[in-house]
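Observations on chain architecture
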Amino acid sequence: MLINYQNVNAGPIKDGREVSKYRYLMDFDSEKLIKEYHDVIIIGSGIAGVFTALEISQEYDVAILTKETLDISNSVLAQGGIAVSLDKKDSPELHFKDTLYAGAGLCDEESVWVLVNEAASNIDRLCNFGVNFDKTKQQELALTREAAHSMNRIIHAGDTTGKEVCDKLISVVKTRNNIKICERTFVIDLVTKDGACKGVLVCDENGDAKKFLVSDIVVCATGGFGQLFSSTTNPEVATGDGISMAYRAGAELMDLEFVQFHPTVLYHPQNKSFLISEAVRGEGALLKNAEGKRFMPEYHPLNELAPRDVVSRAIFEEMKRTRTSNVFLDISFKDKDYLEARFPNIYKTCLGYGIDITKDMIPVAPAEHYCMGGIKADVNGKTNINGFFTCGECACNGIHGANRLASNSLLEGLVFGRLIGEQADRLLKNSRVSREPLNLVYKTNRNDARVDSNLVRTDIQKEMTREVGIIRNREGLLRALNKVNSHGKMLEDSKSKRLEDFELQNILLLSRLVIESALEREESRGAHYRSDFSKTDDENWKRHIIKSGKIPNFVGT
Ligand code: SIN
């Protein structure tokens, strides 16, 4: 079969070579693989990955692996900004309160305290790395408002904050001699031995040139899984590889059912993934339905700045009621010069599609934007696998609970990336990467695939969008589960080893886990809304759903 799940839990083999006791996308034999040793391996080149790398002392050898190029990540696309309580009337306590309110009862308070208390010092570090945020006339950082924030506390760089931050951090990374950048390097699987991380198996963009990168410290910062859905603000690369790989290696995953749909994504025949930042609503934009009527006041006292899940569901209801595929965002009443200066990217991009935001309403619809769940981590980014850390969107350390507060995500990557960097330093002080021989069995499947990965991927995405989207119910979730399982059965017989097949396996595995978690949670909370269980049920469900890494088995489920 395509992915060699048959060889799971292999024990020591007869000739005395030791086989790592877990399941992989492929088995591998390190004797036949080029081995490369690093003190720390970081997977992912978004803000969490590169910031972690920069926080590790320069005496240690660090490798950043990315399956595309360094500059392609979800972080780069982030428009709005970074939340930090800098206003005189603001405080970490208020930021804490807003985060908990959005998180709908499932935030981890200890982690949120760390986030809000460490925010300002990490922003200072960004400024020292040369990041240019917008400033007021008094040369203070300019603050705007986003949904569910009780204060103006979002710092920004126009409407391309992620790009400004990532460009600057990447330029610093490139000057560091201790950091090796490995682009177009796809991580197939995490290698573990006796519950500890030993490195990763990688291949190139064609699925060839496999290598065993050995390290006792691996940081997973691979981002989210927007590509489980057909409409998403995430880039093509967001196939949830890190989260799936962690699960296969025995890591615990948490809160997978909580998927955030951003309310305002451009809805144009040629582009349905371009974000119209919440900051546009923060600056006063109004949502109007197909009849030209403003509707948010009927849904929530905070109107257009209600929590994201509320706004997305309201839009969904309005689209259903008016039998249309989009609503409109109207900021045309603002001054033209102001709009061009404050939202240059949105202004230019929309104009490219014939929409002049200074005159026209912008057609928008909700699309998948962020997964609150991921690899379960403690307040230090540690997982249940020794030496395996995680931060950023693929991590679930309880910051976001059931619904992420806007502009807390870049911040999370910074705060927890830095903490992980500091721990890596401490661990490496005691022992550098061990060069003990590791003999792992690897078998290559040479047969051609009998399935078209792209077709299956598209089919899964459509099903996930239809049945596992903004509003869910048991029947729909079961339909989606059946579809995922039947694709899994088909793939069982195919024997390919191309990169898109690995990605498809990751998409299939995660889709199944998201659906199972959504089925299990028989209530509505935060971003998870069940039309058949529309109330929040604290008595039974004020708790996390954890999926422990076990043998993925599409067959017969
Ligand atoms: C946005 O600009 O609306 C996105 C900000 C975020 O997702 O935190």
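Residues numbered from 1 in each chain as written. Predicted model: local features only at pLDDT ≥ 70, side-chain atom pairs only at ≥ 80, totals over all residues. Heavy atoms only, no water.

**Description of the site of the ligand**
Going by this rule: Being near a molecule or strand, for a residue, means having at least one of its heavy atoms within 4 Å of it. Polar contacts here mean pairs of N or O atoms no more than 3.5 Å apart (in protein, one a potential hydrogen donor and the other a potential acceptor; neighbouring residues in sequence count only if both atoms are side-chain atoms). Reported accessibility uses the Shrake-Rupley method at a 1.4 Å probe radius. Residues are deemed covered only where the shown protein chains occlude them. Under the grouping applied here, Gly and all other residues not named as nonpolar or charged are polar, the nonpolar ones being Ala, Val, Leu, Ile, Met, Phe, Trp, Tyr, Cys and Pro and the charged ones Asp, Glu, Lys and Arg.
Near the ligand you find Gln79, Gly80, His262, Leu275, Ser277, Glu278, Arg308, His369, Arg404, Ala406 and Ser407, and these make up its full shell. For the ligand, an oxygen atom lies 2.7 Å from a polar atom in the side chain of Ser277. Between Ser407 and the ligand, the recorded distance is 2.6 Å, taken from a backbone N or O atom to an oxygen atom. Protein contact buries 94% of the 260 Å² of open area that the ligand shows by itself. In terms of residue class, the shell around the ligand is made up of two nonpolar, six polar and three charged.

**Considering the side chain of Asn403**
What counts is decided by this rule: Under the scheme used here, helices are H or I runs from DSSP no shorter than 4 residues and strands are E runs no shorter than 2 residues, and both carry numbers assigned from the N terminus. In what follows, residue pairs with any heavy atoms lying within 4.5 Å of each other are defined as contacts.
For Asn403, the position within the fold is in the loop between β19 (395–396) and α11 (409–430). Reaching out from Asn403, the side chain makes a polar contact with the side chain of Asp309 at a distance of 2.6 Å. Not counting residues within four places of it along the chain, the set of residues in contact with Asn403 comprises Ala102, Gly103, Gln260, Pro307, Arg308, Asp309, Met372, Gly526 and Ala527.

**With respect to the pattern of salt bridges**
Our working definition: Salt bridge, as used here: a side-chain nitrogen of Lys or Arg that lies within 4 Å of a carboxyl oxygen of Asp or Glu. Throughout, exposure labels follow a simple rule: accessible area from a 1.4 Å probe, protein chains only, divided by the maximum for the residue type, with under 20% read as buried, over 50% as exposed, and the rest as partly exposed.
Enumeration according to the criterion identifies 39 salt bridges in this entry. Here Lys483 makes a salt bridge to Asp459, at a shortest N to O gap of 3.3 Å. Here Lys483, found in helix α13 (residues 474–492), pairs with Asp459, found in helix α12 (residues 453–467); they are 24 residues apart in sequence, far enough to count as distant. Exposure remark for Lys483: the relative accessible area of 24% places this residue in the partly exposed category. The salt bridge involving Glu516 is made with Lys547; its shortest N-O contact spans 3.5 Å. Placement of Glu516 in helix α14 (residues 499–520) and of Lys547 in strand β21 (residues 546–548) is noted, with a sequence separation of 31 residues between them. Lys547 shares its class with Glu516; the two are buried. Overlapping salt bridges bring together Glu257, Arg521, Glu523, Arg525 and Asp538 as one network.

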